[in-house]
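# Fold and contact review
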Amino acid sequence: MRLRQLLPILPLFFPHAHALKFPLTPRKDNPHPYSVVQTGANTGYGFTHIFDQQYTVTLSVNGVPFQVVCDTGSVDTWVDPVPQGITPPDLIMTGKNNSATYGDGTQSSGPLVLANISLGPYNASNQAIMLSPKGSPTPDLFQGIFGLSRVSLSDTFPILANGTPYADNGRPIVHNILSALHDQPNYITFLMSRPELGANPGGVFTISELVSDLAEVTSAPRLEALTNVTWSTLLDGAYVNGVLLTGHSQVREDYENVTHLAIPEGSTIATLDTGTSYTRAPQYYVDAIFQNITGAIPTDNADGSNGFGYIVPCDTKVNVSLVFAGLQYPIHPIDMIILNTAPNGTFYCTGAFSYSNENDGIDDWLVGATFLRNVYSLFDYGWDTDPTDGQAYMQLLSVTDAERAWAEADKLLLERIVAHNAYYTSTQGVKPTTTQYAYTGTPTITVTSADDKETYAPLPSAAAPHLGEWGTSSYTTPWLQATAQPTQAQLLAGAVAESDNAVDGKRVDSLVRYSYVVIGMLAGVLALLLVVTAYVVRANRANKGYREISESTIPPVRAYADME
């Protein structure tokens, strides 16, 4: 997710302006000082991937757990107590209110309160957060936002710094935690999982630690943040089916006029946003990827947030890589196509890239999980949390083998349809037994505490775990395994295991054979889809993996699994 940005505010946040300056009034002594304790316990973060829509962690507020979205596109944290049916007890009211409006038009607002926060092994006392009743548009999936962007983007901090004693309490949670870890590096990392169905292990989220087998990320080029506001950096270009595309920045001139920084010729500006499922990009790139695909249909709601893009056949395979600092980072073809399910169990697919627009701030690109699932990402806060440090930066390590991903894509695209059909059949009419989806298993993957930003030499490429499979046991088992018994949703998510037991060779051959029938059917309904696309029901939240639509709007195209 992304907070709406206004270009006029950027002169306050040049990359080399170390100090934050806000108009402040004198503060009184703080009766509720902020503090952080690291327990040392091997406690997971509850990092969860929910229905291919969001990656969340468990945040305990005065003992009440909330599943909150990990969002590097915004910075302030809020929780919605309504889905839980309980307001956390013993909250300290600050007398101030706040609101946050996101790029998709949704808004969360409410009072700023102080609470004791537990996040994995960290306990933070008297942390300021926003309490936003009914603030979550999809409370069954998440009940708040865990802001992980830059402190300069915060509204809570300046509000509490102006006339209250709670300025230190108002700094973002991750900033306060990292500032308290004086002997530890001030970065967070993500290794995102791919399974789409149900609630699944999210992968790995760390604070001041590295995934041991991927510690070579510290040797990757440092992608410096362009401002003190967001995780924006330069993107060199994109390879689309082997052709390098560059330039066509939509905001370069505005950016240079405001920041007085020159953008290299051919580069564009990209923000890495863990709270976004899709990727927003300049029209030039989106058209180059999808426009000439047989059966592609333009749509003004490709990503659930009125983003213009394309409906495409569900067996579409495209070869796309993004280029940062001269290095190619391939995107698995399975991540370039989003499968959407209708209430009657039929499917349609959209391209995972849609047009960027003015709501995306000063970015050409808003790069979400479509890309981030293919890298191990590191976000270093620099002088935001350590005044002696330099500018904030990001580092990326590719975890997708381009050749293997391309070779397995046809099979995985078909297997995904089978899995979605099985999931729909098994869950249709079944009332969920939980109002909060959270993965409670303990990951067995090894993490390393890297003292003083130790740089790890690159490892042989074979040392990195293969993360190419879609929702398969071979994807989740080697590097992330639950100690608890898997839930039904997790079992369903693994229903397309690469083994012969899940989808045998005969089944796949049959699917391949019938894929040509489906392509023909898609061509036949092309004209009808052009008419009905306008009636696709808008989702309540941006960048969802699923978007329910009226049963009457999509022709009853049968799933692959039904065509024998």
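Everything below is about the structure printed above this text.
Conventions and cut-offs
- Residues numbered from 1 in each chain as written.
- Predicted model: local features only at pLDDT ≥ 70, side-chain atom pairs only at ≥ 80, totals over all residues.
- Heavy atoms only, no water.
- Helix = DSSP H or I, 4+ residues; strand = E, 2+ residues; numbered from the N terminus.
- Buried < 20%, exposed > 50% of the residue type's maximum accessible area, 1.4 Å probe, protein only.
- Contact = heavy atoms within 4.5 Å.
- Core = buried A, V, L, I, M, F, W, Y, C linked by side-chain atoms within 4.5 Å.
- Pairing = 2+ DSSP bridges.
- Axes fitted to C-alpha atoms, helices over the stretch in contact; angles between N-to-C directions.
- Salt bridge = Lys/Arg side-chain N within 4 Å of Asp/Glu carboxyl O.
- Disulfide = S-S within 2.5 Å.

## Some points on the overall build of the chain
- The secondary structure content of the chain amounts to 10 helices and 30 strands.
- A total of 564 residues make up the chain; the buried ones form 59% of that total.
- Partitioning the contacts of the chain with sequence separation of at least 6, the portion at a separation of at least 24 is 76%.

## Quick look at the nonpolar core
- Grouped together as the largest cluster of nonpolar side chains are 80 residues, with contacts concentrated most on F205, I207, F290, F324, F353, W365 and F371.
- Setting aside residues no more than four positions away along its own chain, F353 makes contact with T279, A281, V286, I289, F290, I331, M336, W365 and T370.
- With 18 residues, the next largest nonpolar core counts L114, A128, F142 and Y423 among its residues.

## Focus: the sheet that holds strand 27 (residues 365–367)
- Pairing within the open sheet is mixed, and its 5 strands lie in the order 15-18-27-19-26. The two strands at the open ends of the sheet, each matched to only one other strand, are strand 15 (232–235) and strand 26 (353–355). Between one strand and the next, the sheet's axes are offset by a mean angle of 35 degrees, whatever the strand orientation.
- Pairing analysis gives 3 bridges linking strand 19 (residues 279–281) to strand 26, with the strands arranged parallel.

## What about the environment of P195?
- Tracing the chain through its elements places P195 in the loop between strand 10 (187–192) and strand 11 (199–201).
- Assessed through its relative accessible area of 3%, P195 is described here as buried.
- Residues P195 and H49, 146 residues apart in the sequence, show an inter-C-alpha distance of 7.7 Å.

## Notes on the pattern of salt bridges
- Under the defined criterion, the tally for this structure stands at 10 salt bridges.
- We note a salt bridge from R171 to D168, for which the minimum N-O separation is 4.0 Å.
- Take R171: its relative accessible area is 28%, and that puts it in the partly exposed class.
- Judged by its relative accessible area of 43%, D168 is partly exposed.
- We note a salt bridge from R404 to E408, for which the minimum N-O separation is 3.8 Å. Of this pair, R404 and E408 both sit in helix 6 (residues 402–427), 4 residues apart, which is roughly one turn of that helix.
- Here R404 falls in the partly exposed class, since its relative accessible area comes to 38%.
- Shared partners join several salt bridges into a network, and the residues in it are R194, D335 and R373.

## A word on the state of the cysteines
- This structure, assessed with the given rule, holds 1 disulfide.
- A sulfur-sulfur separation of 2.1 Å characterises the disulfide bridge that pairs C314 with C349. Between C314 and C349 the sulfur-sulfur dihedral comes to about 105 degrees; the bridge is accordingly right-handed. Placement of the pair is C314 in the loop between strand 21 (309–312) and strand 22 (320–324) and C349 in strand 25 (residues 347–351), with a sequence separation of 35 residues.
- Look at C349 and you get buried, because its relative accessible area is 1%.

## A few points about the side chain of N169
- Structurally, the position occupied by N169 is in the loop between helix 1 (156–161) and helix 2 (173–180).
- If sequence neighbours within four positions are ignored, N169 has contacts with N30, H32, P33, Y34, L114, N126, Q127, A128 and N176.

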